[in-house]
Amino acid sequence: MKLEAEHIEQIASYMADSLEDHLDIVFWDGIARVLDEFDIEYDDIGDISDEDCDAIVNETRLMFAPKNDSL
């Protein structure tokens, strides 16, 4: 059976949703592990703002970005 464009789009959408759910779980699990590691209660820091989440994601991207060895 040859997949039609609409089937491919549905599959891609499902996969993207699954990946987004997985990354969300990994993200919050990572934050929980750090808080546990340093014995910090979540209530002590309050809600994590969208800006803080973005900063954490951007810092993580920098840590895993390809390094330029020519410098």
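Just so you know, these numbers come straight off a predicted model, no measurement behind them. (Residues numbered from 1 in each chain as written. Predicted model: local features only at pLDDT ≥ 70, side-chain atom pairs only at ≥ 80, totals over all residues. Heavy atoms only, no water.)

Description of the confidence of the model for the protein chain
So, point 1. The pLDDT averaged across the protein chain works out to 84; a share of 96% of its residues lies at or above 70.
So, point 2. Taken element by element, the predicted model of the protein chain shows its lowest mean pLDDT in helix 2 (residues 42–45) (74) and its highest in helix 1 (residues 5–37) (89). (pLDDT = per-residue confidence, 0-100. Helix = DSSP H or I, 4+ residues; strand = E, 2+ residues; numbered from the N terminus.)

Observations regarding the environment of Ile56
So, point 1. With respect to the secondary-structure elements, Ile56 resides in helix 3 (residues 50–64).
So, point 2. Residue classification places Ile56 among the partly exposed positions, given a relative accessible area of 34%.
So, point 3. Between the alpha carbons of Ile56 and Ser13 there is a distance of 26 Å; along the sequence they are 43 residues apart.
So, point 4. Excluding anything up to four places from it in sequence, Ile56 contacts Phe27 and Ile31. (Buried < 20%, exposed > 50% of the residue type's maximum accessible area, 1.4 Å probe, protein only. Contact = heavy atoms within 4.5 Å.)

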